[in-house]
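Structural characterization, general
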Amino acid sequence: MASRAIEPIARFGLAARGVVYVVVGVLAARAAAGQGGRTTDARGAVRAVGFLDASGLALLALALGLMAYALWRFVQAVRDLDGKGSGPKGLAVRAGYAASGVGHLGLALTAGGFGVSRRSGSMRALTARALGESWGAWAVGIAGAIVVGVALHQFHKAWTAKFEEHLRLQRMTAEARRWSRRIGRFGLAARGVTFLIVGWFLVQAALHLNARVVRDFGGALRTLEQQPYGAWLLGIVALGLIAYGLLSFIDARYRRIVR
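Residues numbered from 1 in each chain as written. Predicted model: local features only at pLDDT ≥ 70, side-chain atom pairs only at ≥ 80, totals over all residues. Heavy atoms only, no water.

**Some remarks on the overall build of the protein**
- Along the protein, the regular secondary structure elements total 10 helices and zero strands.
- Ordered by position in the sequence, the α and β elements of the protein form the string α-α-α-α-α-α-α-α-α-α.
- The C-alpha radius of gyration of the protein comes to 18 Å, within 12% of the 18 Å expected for a compact globule of 259 residues.
- When the backbone C-alpha atoms are referred to their principal axes, the protein occupies close to 50 × 45 × 40 Å.
- Out of the 259 residues belonging to the protein, those deemed buried represent 46%.
- A fraction of 73% describes how many contacts in the protein between residues 6 or more apart in sequence connect residues 24 or more apart.
- Carbon and sulfur atoms make up 66% of the accessible area of the protein, which amounts to about 13500 Å² in all.
- One finds the centroid of the 33 positive side-chain charges in the protein at a distance of 1 Å from the centroid of its 12 negative side-chain charges. (Helix = DSSP H or I, 4+ residues; strand = E, 2+ residues; numbered from the N terminus. Rg over C-alpha atoms; globule rule 2.2 N^0.38 Å. Buried < 20%, exposed > 50% of the residue type's maximum accessible area, 1.4 Å probe, protein only. Contact = heavy atoms within 4.5 Å. Areas by Shrake-Rupley, 256 points an atom, 1.4 Å probe, with all protein chains shown as cover. Lys, Arg positive; Asp, Glu negative; His and termini not counted. Charge placed at Lys NZ, Arg CZ, Asp CG, Glu CD.)

**Overview of the side chain of R73**
- Relative to the helices and strands, R73 is located in helix α3 (residues 57-79).
- One buried charged side chain, R73, makes no salt bridge at all; its nearest oppositely charged neighbour is D82, positioned 5.5 Å away.
- Within polar-contact distance, the side chain of R73 engages the side chain of Q76 at 2.7 Å.
- A polar contact of 3.4 Å, which involves the side chain of R73, links it to the side chain of S100.
- Sequence-distant contacts of R73, that is, excluding residues within four places in its chain, are made with R17, Y97, A98, S100 and G101. (Salt bridge = Lys/Arg side-chain N within 4 Å of Asp/Glu carboxyl O. Polar contact = N/O pair within 3.5 Å; in protein donor to acceptor, adjacent residues only side chain to side chain.)

**Some remarks on the packing of helix α6 (residues 123-131) against helix α7 (residues 136-160)**
- Running from N to C, α6 and α7 point in directions that differ by 140°, and their axes come no closer than 7 Å. Looking at the two axes, α6 sits oblique to α7. Across the interface between the two elements, T127, A130 and L131 from α6 touch G136, A137 and V140 from α7.
- Across the contact of α6 with α7, the residue classes break down as four nonpolar, two polar and no charged. (Axes fitted to C-alpha atoms, helices over the stretch in contact; angles between N-to-C directions. Parallel < 35°, antiparallel > 145°, perpendicular 65-115°, else oblique. Nonpolar A, V, L, I, M, F, W, Y, C, P; charged D, E, K, R; others polar.)

**Section: a nonpolar patch on the surface**
- A contiguous nonpolar patch, built from F12, L57, L60, L64, M67, L105 and L109 and spanning about 620 Å² of accessible area, is present on the exposed surface.
- Considering each element in turn, the nonpolar patch owes the most residues, four residues, to α3.
- By the element assignment, F12 lies in helix α1 (residues 2-32). (Patch = residues over 30% accessible without salt bridge, like charges linked within 9 Å, V, L, I, M, F, W, Y side chains within 5 Å.)

**A word on a positive patch on the surface**
- Together, K84, K89, K162 and R259 make up a positively charged patch on the protein surface.
- For K162, the position within the fold is in the loop between α7 and α8 (174-208).
- For K162, a relative accessible area of 34% puts it in the partly exposed group.

**Digging into the nonpolar core**
- In this structure, V20, V46, L66, L221 and L241 are the most contacted members of the largest nonpolar core, which totals 55 residues.
- In terms of residue count, the dominant contributor to this core is α8 (10 residues).
- Dropping the residues within four chain positions of it, V20 is found in contact with A42, A45, V46, L62, L66 and L107.
- Membership of the second largest hydrophobic core comes to eight residues, among which are Y69, W72, L81 and A252. (Core = buried A, V, L, I, M, F, W, Y, C linked by side-chain atoms within 4.5 Å.)

**Some points on helix α2 (residues 42-52)**
- Of the residues making up α2, those classed as buried are G44, A45, V46, A48 and V49.
- Measuring from the backbone nitrogen of R43 back to the side-chain oxygen at the start of α2 gives 3.3 Å, which picks out D41 as the cap.

**A look at the pattern of salt bridges**
- Counted according to the given criterion, the structure contains six salt bridges.
- A salt bridge links D82 to R255, with the shortest nitrogen-to-oxygen separation between them at 3.4 Å. Of this pair, D82 sits in the loop between α3 and α4 (88-111) while R255 sits in the segment after α10 (230-254), and the two are 173 residues apart along the sequence.
- A relative accessible area of 7% places R255 in the buried class.

**Topic: the side chain of H166**
- Here H166 shows up in the loop between α7 and α8.
- Residue classification places H166 among the buried residues on the basis of a relative accessible area of 16%.
- Setting aside residues no more than four positions away along its own chain, H166 makes contact with D82, Y254, R255, R256 and R259.

Dropping the structure here:
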C-alpha cells in the first residue's frame, strides 16, 4: 500500500525537478545568445520562477513538488524501491538517494522562502569552513572525487542509455522511445559536464587549500562561458540541461517507481 501511495508523489516530484532544470537551461541559453539570461544553479532557477510569478502559486506548486521529490528519494533509500540491495554498492546508491533528498528538501525550502542565505550556505563558504579544520583538505578532496565519480557515471549512463532500465518502454511508441533516448543521452552528458567541472575545482581547492577556486553549478556554467568559444560551449550545455529537464518529464510519465 505504501509503495503504491508513493507513485503519484514521485511523479509530481519528477515533474518539479524537470521544471528546475528547464529554467536553468533556458536562462543559460539566453546568456549564451546574449539575450539577457544568466548562468545560475537550481536555487537561482527557483528564484527566477518566483520573480516571474507575481501570484506565488507557481512557486508554491514548485515548492510542494520539490518536497514530493525529496520524500520519494527518502522512501527510495529506506524501502529500497529500486531493488539495489543491502550490499556495499547498494547501500552506497541508497545513501546517494538520501543525499539527493536532503538537497531537494533544501531547494523546496528555498522555494517556500525558508532557505539559508546565499552567502552562508554557498559551496564556497562551506568549503572554506571545512578547510579551516585539520581534516578539511581530505574531506573536500574526497567530496570532489565523489562529484567527479558522479560525473563519470552520468557519462556512462548517457553512453549506454542505462537510464532506460527504469522506463516502462512497452507503454511508449517506437518514435517516443527514439526521442527519449536522444533526449536522455544529451541531457545526462550535459549534466555530467557540469558535475565534472564542480568536482575538479573541489579537488583543486583541497590540493591548494584555497576555497576561492570552488565553483557551484552556476559557476561551472560561467567557467564554460569564459573559455574560447565560450558562448557556443555554454549554449550546447544549456540545451543539454533543458534536455535533462525534459528527461525528468519523461520519467514523471513513464518511470517505473516501484519494482
